2 protein chains.
Amino acid sequence: MHFWGVFDGHAGSGAALMASKLLQLIIRDRLCDVAHLLENQNNPPPICLAKNGSPFQAEPRFHMEKDISVESLVMGIIETAFRQMDDLIEKEKESYSISGGCCALIVIHLLGKLYVANAGDSRAIIVRNNEVIPVSNEFTPESERQRLQYLGFLKPELLGNEFTHIEFPRRIQHSELGKKMLFRDHTMTGWAYKTIVEDDLKFPLIYGEGKKARVMATIGVTRGLGDHDLKVYNSNIHIKPFLSCCPEVKVYKISEHKHGSDDVLIMGSDGLWDVTTDRDVADAVSTFLSSREPNDPLRYTLAAQDLLMRSRGVLKERGWRLPNERLGSGDDITVFVIPLAGAELET
Amino acid sequence: MHFWGVFDGHAGSGAALMASKLLQLIIRDRLCDVAHLLENQNNPPPICLAKNGSPFQAEPRFHMEKDISVESLVMGIIETAFRQMDDLIEKEKESYSISGGCCALIVIHLLGKLYVANAGDSRAIIVRNNEVIPVSNEFTPESERQRLQYLGFLKPELLGNEFTHIEFPRRIQHSELGKKMLFRDHTMTGWAYKTIVEDDLKFPLIYGEGKKARVMATIGVTRGLGDHDLKVYNSNIHIKPFLSCCPEVKVYKISEHKHGSDDVLIMGSDGLWDVTTDRDVADAVSTFLSSREPNDPLRYTLAAQDLLMRSRGVLKERGWRLPNERLGSGDDITVFVIPLAGAELET
């Protein structure tokens, strides 16, 4: 098994550091527990296990029974490992200072497949034959609007009488009470008019657009680890209930494709993708790799450094600038460039 | 404006009949309210309206303000109209007997676009140049598993101490207490093992596969209108909280494509799609239409009848059989075949 992880911290480095050290161990332990069930990928894992881990066969009845694949089991193990990691951070915080929270993007290479698990706004893409293949989605106030609004609707006590789960295109002024304004709630993707009532004057749960969108005017990412103590500024309203520690897991069947020495998996924190598009990242890496010898052991590391330098930009009179004169990223940037050639042969 | 609707009732025809008569009027009234805002599709609708419906401009401040398109407004009007329709059924039930519930699939042709709104397990496809273009998704216990489990997790009182929101691959036997079984909850798409506790012996909120999947062992569709009184058999547990009356609205820009006389929109209830694939439906309609004169005014109606007869099958010794000898549909079937040619010119 191979493991890579990008842990992009915010409001302190404690959670990111702890997750970067422990998440891989949690996943490894959980995979070891079921290693004997993964050996033959065509044998579905048993539905029920005895306490010692061996398959347990209940008396057969005329039951409907779902077939579960080995792939689903690995996905479930990764999903539950993220939760265990998050619980562990919460528990350790009782005894130690573990500051902030972090986005977690990990990739596991196991049994001919890449499992890409993402909780946050980092991103992974595969560049194969100069084609971009996205293998993760970002989780932000905009992409998770309906989930967050649904929670605020079902559990209004979590909004602390300060926020409304309904979205409006802008803040409402007191003078607009009784007038009609465009709105959308957790059930809608379109917009309709509603008459403005007192409750609508509260601050919106989701507010702002693009990189400036925030949950409860505080955080711009909606999945990750940590943040157990995060509160709305100057209030007692906890934000953690709205954050999910559960990753979305996508599977790339590495053994079903041919990969050349310039075909790579690229993982990066949002600092990279904010200023450089998928296509530009792919082109930059392809151009860089084609300029180096295929057997240069440093070529992938140097490609990652090149990507980082491009996105940081160059210090000019008016700040750090990209080649196209736009502002470079002021955010932290983490990048991995991982070669895919030869991986078909490993397990 | 043109309007088509498929209302597939269950547990009585009351809700389906009422919705088939009133939903179009609700939508028409709501569109009339904003007709003056739709005239120029490039003018975004005003964010705030005075009580008389004219745009209201608050004192300008340095506010962030979202741009809302005319298309989003029409989508929002359709979404809120479904809710109003559902509320109306609930209200009328106080005075009249309105039995059962229904899936609702509607298509509206307005300003060069088709708005396809689906709440239930009916389906619409477009056949253009013999290519199948899906324009709706179905909402079933399987496709909405995570939404339903999330609600059961957040509001366990809705499960009435009879059901568990956790999914298992099969029913658990009492003798399996303390053993480990594969499970997944609302956060997971994969499966992992958990130790079975007493609570896991409850009946699963979602149970069964494919067409046999049910919510609370009762209903096989998770969106629609009506069903306000629906309860789990022999209990006081209401199912309506788990059902959504909100449609998913998809937009097809009819004016951006060329359509020939054999290009059609096909709407059908699940009775059609259960036995005939999208591809087979498209082929059957294309073959039928090409055998009739392009100016035959009955050709689309006859194509729909032909589709219906195919899916019903022929009565043989061993029941109603399709040409491929598989069982025909025993369900009600509703089909519309709607020509798209010429629609580019209308508004």
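Rules behind the numbers
Residues numbered from 1 in each chain as written. Chains lettered and ligands numbered in written order. Predicted model: local features only at pLDDT ≥ 70, side-chain atom pairs only at ≥ 80, totals over all residues. Heavy atoms only, no water. Helix = DSSP H or I, 4+ residues; strand = E, 2+ residues; numbered from the N terminus. Buried < 20%, exposed > 50% of the residue type's maximum accessible area, 1.4 Å probe, protein only. Contact = heavy atoms within 4.5 Å. Axes fitted to C-alpha atoms, helices over the stretch in contact; angles between N-to-C directions. Parallel < 35°, antiparallel > 145°, perpendicular 65-115°, else oblique. Left-handed = near helix turned anticlockwise from the far one by under 90°. Nonpolar A, V, L, I, M, F, W, Y, C, P; charged D, E, K, R; others polar. Domains from an automatic or database assignment. Least-squares fit on C-alpha atoms with pLDDT ≥ 70 in both. Pairing = 2+ DSSP bridges. Buried area = accessible area lost by both parts, 1.4 Å probe. Salt bridge = Lys/Arg side-chain N within 4 Å of Asp/Glu carboxyl O. Polar contact = N/O pair within 3.5 Å; in protein donor to acceptor, adjacent residues only side chain to side chain.

Novice: So what's going on with the overall build of chain A? Residues and values would help.
Specialist: When helices and strands are counted, chain A shows seven helices and 18 strands. For chain A, the spread of C-alpha atoms along the three principal axes comes to 70 × 70 × 45 Å. Sorting the 347 residues of chain A into buried and exposed places 53% on the buried side. Relative to all contacts within chain A whose residues are 6 or more apart in sequence, the contacts with residues 24 or more apart total 66%.

Novice: Account for the packing of helix α6 (residues 278–290) of chain B against helix α7 (residues 299–312) of chain B, with residues named and values stated.
Specialist: All names here are of chain B. Look at α6 against α7: their axes get within 10 Å of each other, and the N-to-C directions meet at 135°. When the axes of α6 and α7 are compared, the pair comes out oblique. Considering the relative orientation of α6 and α7, their crossing is right-handed. Residues V281, A284, V285, F288 and L289 of α6 form the contact with α7, whose participating residues are R299, Y300, L302, A303, D306, L307 and R310. By residue class, the composition of the contact of α6 with α7 is nine nonpolar, no polar and three charged.

Novice: Go over the domain arrangement of chain A, please, and point to the residues and values.
Specialist: When cut into domains, chain A gives domain 1 (2–53 + 67–139 + 246–345) and domain 2 (145–220). Once you take the C-alpha centre of each, domain 1 of chain A and domain 2 of chain A turn out to be 33 Å apart.

Novice: Describe the relation of the copies chain A and chain B, listing the residues and the values that go with them.
Specialist: Once turned by 180° and shifted 0.0 Å along the axis, chain A lies on chain B with an RMSD of 0.0 Å. Each copy turns onto its partner about a two-fold axis. Ranked by how close their C-alpha atoms come to the rotation axis, the residues of chain A are headed by L154 of chain A, at 3.9 Å. Mapped onto chain B, 100% of the interface residues of chain A are again interface residues, and the two copies thus contact each other with one and the same surface.

Novice: Please provide a residue-by-residue account of the sheet that holds strand β9 (residues 192–195) of chain A, values included.
Specialist: Spatial ordering of the open sheet is given by β9(A)-β8(A)-β2(B), a layout of three strands whose pairing is antiparallel. Strands at the two margins of the open sheet, each flanked by one partner only, are β9 of chain A together with β2 (48–49) of chain B. Across four bridges, the pairing between strand β8 (residues 180–183) of chain A and β9 of chain A is antiparallel. By the bridge assignment for β9 of chain A, L182 of chain A is matched with Y193 of chain A.

Novice: Which residues make up the interface of chain A and chain B, and what values go with them?
Specialist: If you look at the interface, chain A gives 56 residues, while chain B gives 56 residues. The contact between chain A and chain B buries some 5200 Å² in all, and 62% of this surface belongs to carbon and sulfur atoms. The interface formed by chain A and chain B contains four salt bridges. Close ionic contact of R170 of chain A with E65 of chain B constitutes a salt bridge, the shortest N to O distance being 3.3 Å. Summed over the shared surface of chain A and chain B, the result is 20 residue pairs in polar contact (both at pLDDT 80 or more). Mapped onto the side of chain A that touches chain B, the elements with two or more residues apiece are β2 (48–49), α3 (70–92), α4 (145–154), β8 and β9 of chain A.

Novice: Describe the sheet that holds β2 of chain A, naming the residues involved and giving the relevant values.
Specialist: Strand order in this open sheet of three strands is β2(A)-β8(B)-β9(B), and the pairing throughout is antiparallel. The strands lining the two open edges of the sheet, one partner per strand, are β2 of chain A together with β9 (192–195) of chain B. Running over the sheet, α3 of chain A touches β8 (180–183) and β9 of chain B and is turned about 60° from β9 of chain B.

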